[in-house]
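Survey of secondary and tertiary structure
So you can see what is in the structure, the chains are spelled out below.
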Amino acid sequence: MRALLLAFVFASPAAAGDGWLTDLAAARKAAEAAKKPVFVDFQAVWCYSCYYMEEKVLSKEAFKKAAEGLVLLKLDVDTPEGASLKKRLKVGYLPSYVLMDAAETELGRIVGEQPEADFVGRLRSLLAGGAATPAQRLAAAVDANDFEAAERLRAELAKGKPSGDDWARASGRLDLFLARKAKRHAAALEALDGLMRLGGGCELPYHLYYAGEALAASTPERRRLSLEGARPALVRLAEERWFGEAEKRCADGRSVFEAVAEVYEGLGLAAERKTFLDRVADELTKRLAAAGAGNDRNLDDDARFAFQLAGRTAALEAHLRTLVEAYPADYVYAARLARFLAEAGRGAEALPLSEKAYNLSYGANRPGVAKLRAELLAAAGKSDDAKALLRLELKVARERFPDAAPALAAALAKLGG
């Protein structure tokens, strides 16, 4: 086990190479000195979509050219510094990219993974003065997660009587977020229904996700109506933008097939769900064979998730074991495999993997891994070690990651600690 100091601190260098900084203070200092904006890339080791953006967009010449006048900053949201700035800027989704000045005043943001041309075009638009049309201005305000401000902007823009599908989509998204925040479930479902009728592209699965609480709280009949309304648009999206030609696929393919599976499940269409997920798993098996596991982190995790959804436990275990070897410095897959084995009643096999994951974990991801390891230690008859581990991590969590503390405290109480 690493030294106690390393259990509490994850230190990253000020520079990550290729022009990127990893220290906020250094980035702000550079921005102030050069009178340049800071482009912040919020990421995490568990964020599969972040790997897509790194490989397909941020490492490419088109982005580098568009970003020549910027100070580039990568921040891991599981570190205290990354988590703090994420909270201050109201970043609610990964990956997210925020353009700000040296004083942390936001100048614009781009949310979610996108194909290279779309992302670079959006960045250039921001650098040229931001979104021009009412629909783009409202969409940008919604992306900033300040929904009250977005509502005020909509009222102002509405005086010009904007129209068109893009305006309706931006307005519908705002309605969904406002209703979700206020727990007005009927209004949230009305917004979802409207957005699905409008249709669109790769953003459609997110509408279903954000309406999840409203769907769960609604009557069976109301839920069925919304899911039936969402089904055609999502199935069409999967056929065209997931199973279709590679250059037309959504950047976030996982959300596409997950959303279709959720609709089938919610409608009680078990056979259709199984057929669809088997098809997804078969396709990802082919893509893995062509690319090779360990060469495309986004593909690797899409396959992991698809095997899990499809109930292909043998394929899932084999794939997880491959990924543990492919990413030896990463806690994520060791932890996932340990949890998989533990749930299968194979705690003895899971225990050493939980140690590996724990020793590699850091910051905000550490409490969850510690809890898993403590549960496995207790199951192996090592309750004293489990309680000592939980006490140590609970002390740290209460100071640095208070949201994680209740789960650790409950686990400790369960062991009589």
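Residues numbered from 1 in each chain as written. Predicted model: local features only at pLDDT ≥ 70, side-chain atom pairs only at ≥ 80, totals over all residues. Heavy atoms only, no water.

1. Side note on the overall build of the protein
Tallying secondary structure elements over the protein gives 22 helices and six strands in all. Relative to the compact-globule value of 22 Å for 417 residues, the protein shows a C-alpha radius of gyration of 23 Å, a close match. Principal-axis analysis of the C-alpha atoms places the extent of the protein at approximately 70 × 60 × 45 Å. In the protein, which comprises 417 residues, the proportion classed as buried is 47%. By sequence separation, contacts in the protein at least 24 residues apart represent 62% of the contacts at least 6 residues apart. On the protein, roughly 19700 Å² of surface is accessible, and the fraction owed to carbon and sulfur atoms is 53%. Side-chain charges in the protein split into 61 positive and 59 negative, and the spacing between the mean points of these groups amounts to 3 Å. (Helix = DSSP H or I, 4+ residues; strand = E, 2+ residues; numbered from the N terminus. Rg over C-alpha atoms; globule rule 2.2 N^0.38 Å. Buried < 20%, exposed > 50% of the residue type's maximum accessible area, 1.4 Å probe, protein only. Contact = heavy atoms within 4.5 Å. Areas by Shrake-Rupley, 256 points an atom, 1.4 Å probe, with all protein chains shown as cover. Lys, Arg positive; Asp, Glu negative; His and termini not counted. Charge placed at Lys NZ, Arg CZ, Asp CG, Glu CD.)

2. With respect to the state of the cysteines
Here a disulfide denotes one covalent bond, and it connects the sulfur atoms of two cysteines. Summed over all chains, the structure comprises two disulfides. Paired by a disulfide, cysteine 47 and cysteine 50 hold their sulfur atoms 2.2 Å apart. Negative torsions about the S-S bond denote left-handed disulfides, and the value of about 85 degrees found for cysteine 47 with cysteine 50 makes this one right-handed. Given a relative accessible area of 4%, cysteine 47 falls into the buried group. Classification of cysteine 50 as buried rests on a relative accessible area of 9%. Disulfide pairing is shown between cysteine 202 and cysteine 250; the S-S distance is 2.0 Å. Taking the torsion about the sulfur-sulfur bond, which here is approximately -85 degrees, the covalent link between cysteine 202 and cysteine 250 counts as left-handed. (Disulfide = S-S within 2.5 Å.)

3. A word on the confidence of the model for the protein
Do not read the predicted coordinates in detail wherever pLDDT is low. With 95% of its residues at a pLDDT of 70 or more, the protein has an overall mean of 92. Contacts for the low-pLDDT stretch residues 1–13, under 50 throughout, to residues beyond four places or in other chains number 18 contacts. (pLDDT = per-residue confidence, 0-100.)

4. Side note on the pairing of strand 3 (residues 38–43)
Summarising burial for strand 3: five of the six residues are buried, a large majority. Relative to strand 4 (residues 71–76), strand 3 runs parallel, the two being bridged by six bridges. Pairing of valine 40 across the sheet is with leucine 73, part of strand 4. Of the pairings in the sheet, the one linking strand 3 to strand 5 (residues 96–100) comprises five bridges and is antiparallel in character. Paired with phenylalanine 42 across the bridge in strand 5 is serine 96. (Pairing = 2+ DSSP bridges.)

5. Re helix 21 (residues 383–400)
Here helix 21 contains 18 residues, and its C-alpha end-to-end distance of 25 Å stays within 8% of the 26 Å for a straight helix at 1.5 Å per residue. Every buried residue of helix 21 is listed here: Ala386, Lys387, Leu389, Leu390, Glu393, Leu394, Val396 and Ala397. (Expected span 1.5 Å × (residues − 1).)

6. Section: the pairing of strand 6 (residues 106–111)
Where strand 5 lies against strand 6, five bridges are found, and the strand directions are antiparallel. Opposite leucine 99, over in strand 6, you have glycine 108 as the bridge partner.

7. Points about the packing of helix 10 (residues 185–198) against helix 13 (residues 220–241)
Viewed as axis vectors pointing N to C, helix 10 and helix 13 meet at an angle of 25 degrees, and their least axial separation amounts to 9 Å. The angle between the axes of helix 10 and helix 13 places the two elements in the roughly parallel class. Like other packed secondary-structure pairs, helix 10 and helix 13 cross with a definite hand, here left-handed. Residue-level inspection shows Leu189, Glu190, Leu192, Asp193 and Met196 of helix 10 in contact with helix 13, the latter providing Arg222, Ser226, Gly229, Ala230, Ala233 and Leu234. For the contact of helix 10 with helix 13, the per-class residue count stands at six nonpolar, two polar and three charged. (Axes fitted to C-alpha atoms, helices over the stretch in contact; angles between N-to-C directions. Parallel < 35°, antiparallel > 145°, perpendicular 65-115°, else oblique. Left-handed = near helix turned anticlockwise from the far one by under 90°. Nonpolar A, V, L, I, M, F, W, Y, C, P; charged D, E, K, R; others polar.)

8. Topic: the packing of aromatic side chains
Counted under the stated rule, the structure contains 17 aromatic pairs. Ring geometry for tryptophan 242 and phenylalanine 243: centres 4.9 Å apart, planes at 85 degrees, overall edge-to-face. With respect to burial, tryptophan 242 and phenylalanine 243 carry one shared label: buried. Here the aromatic cluster, defined as three or more aromatic residues joined through ring pairs, consists of Trp242, Phe243, Phe257, Tyr264, Phe276 and Phe305. Over the ring of tyrosine 327 we find arginine 297; its NZ or CZ atom is 4.5 Å from the centre of that ring. (Phe/Tyr/Trp six-rings, centres within 6.5 Å; stacked < 30°, edge-to-face > 60°. Lys NZ or Arg CZ within 6 Å of the ring centre and 35° of its normal.)

9. Brief notes about the side chain of aspartate 41
The topology assignment puts aspartate 41 in strand 3. Residue aspartate 41 is classed as buried on the basis of its relative accessible area of 2%. One polar contact links aspartate 41 to glutamine 43, side chain to side chain, over a distance of 2.9 Å. (Polar contact = N/O pair within 3.5 Å; in protein donor to acceptor, adjacent residues only side chain to side chain.)

10. Some details on the nonpolar core
The nonpolar side chains of soluble globular proteins are, as a tendency, buried together. Counting 95 residues, the largest nonpolar core has Met196, Leu208, Leu234, Phe257, Phe276, Val280 and Leu284 as the members making the most contacts within it. If you tally residues by element for this core, the top one is helix 18 (residues 331–343), at nine residues. If we skip the residues at most four places from it in the chain, leucine 284 touches Trp242, Phe257, Leu299, Asp302, Ala303 and Ala306. Judged by nonpolar contacts, the second largest core, of 20 residues, contains Ala31, Ala44, Cys50 and Val71. (Core = buried A, V, L, I, M, F, W, Y, C linked by side-chain atoms within 4.5 Å.)

11. Quick word on the pattern of salt bridges
Evaluation of the coordinates by the stated rule reveals 29 salt bridges. Its salt-bridge partner being aspartate 175, residue arginine 154 comes within 2.9 Å of it at the nearest N-O pair. Pair noted here: arginine 154 is in helix 8 (residues 147–158) and aspartate 175 is in helix 9 (residues 165–182), with a separation of 21 residues, a long-range link. What makes arginine 154 buried here is its relative accessible area of 15%. Notably, a salt bridge pairs glutamate 283 with arginine 287, separated by 2.9 Å at the nearest N-O pair. Taken together, the residues span about one helical turn, with glutamate 283 and arginine 287 both in helix 15 (residues 270–291) at a distance of four residues. Among the residues examined, arginine 287 registers a relative accessible area of 16% and is labelled buried. One connected set of salt bridges, linked through shared partners, spans Lys274, Asp278, Asp282 and Arg312. (Salt bridge = Lys/Arg side-chain N within 4 Å of Asp/Glu carboxyl O.)

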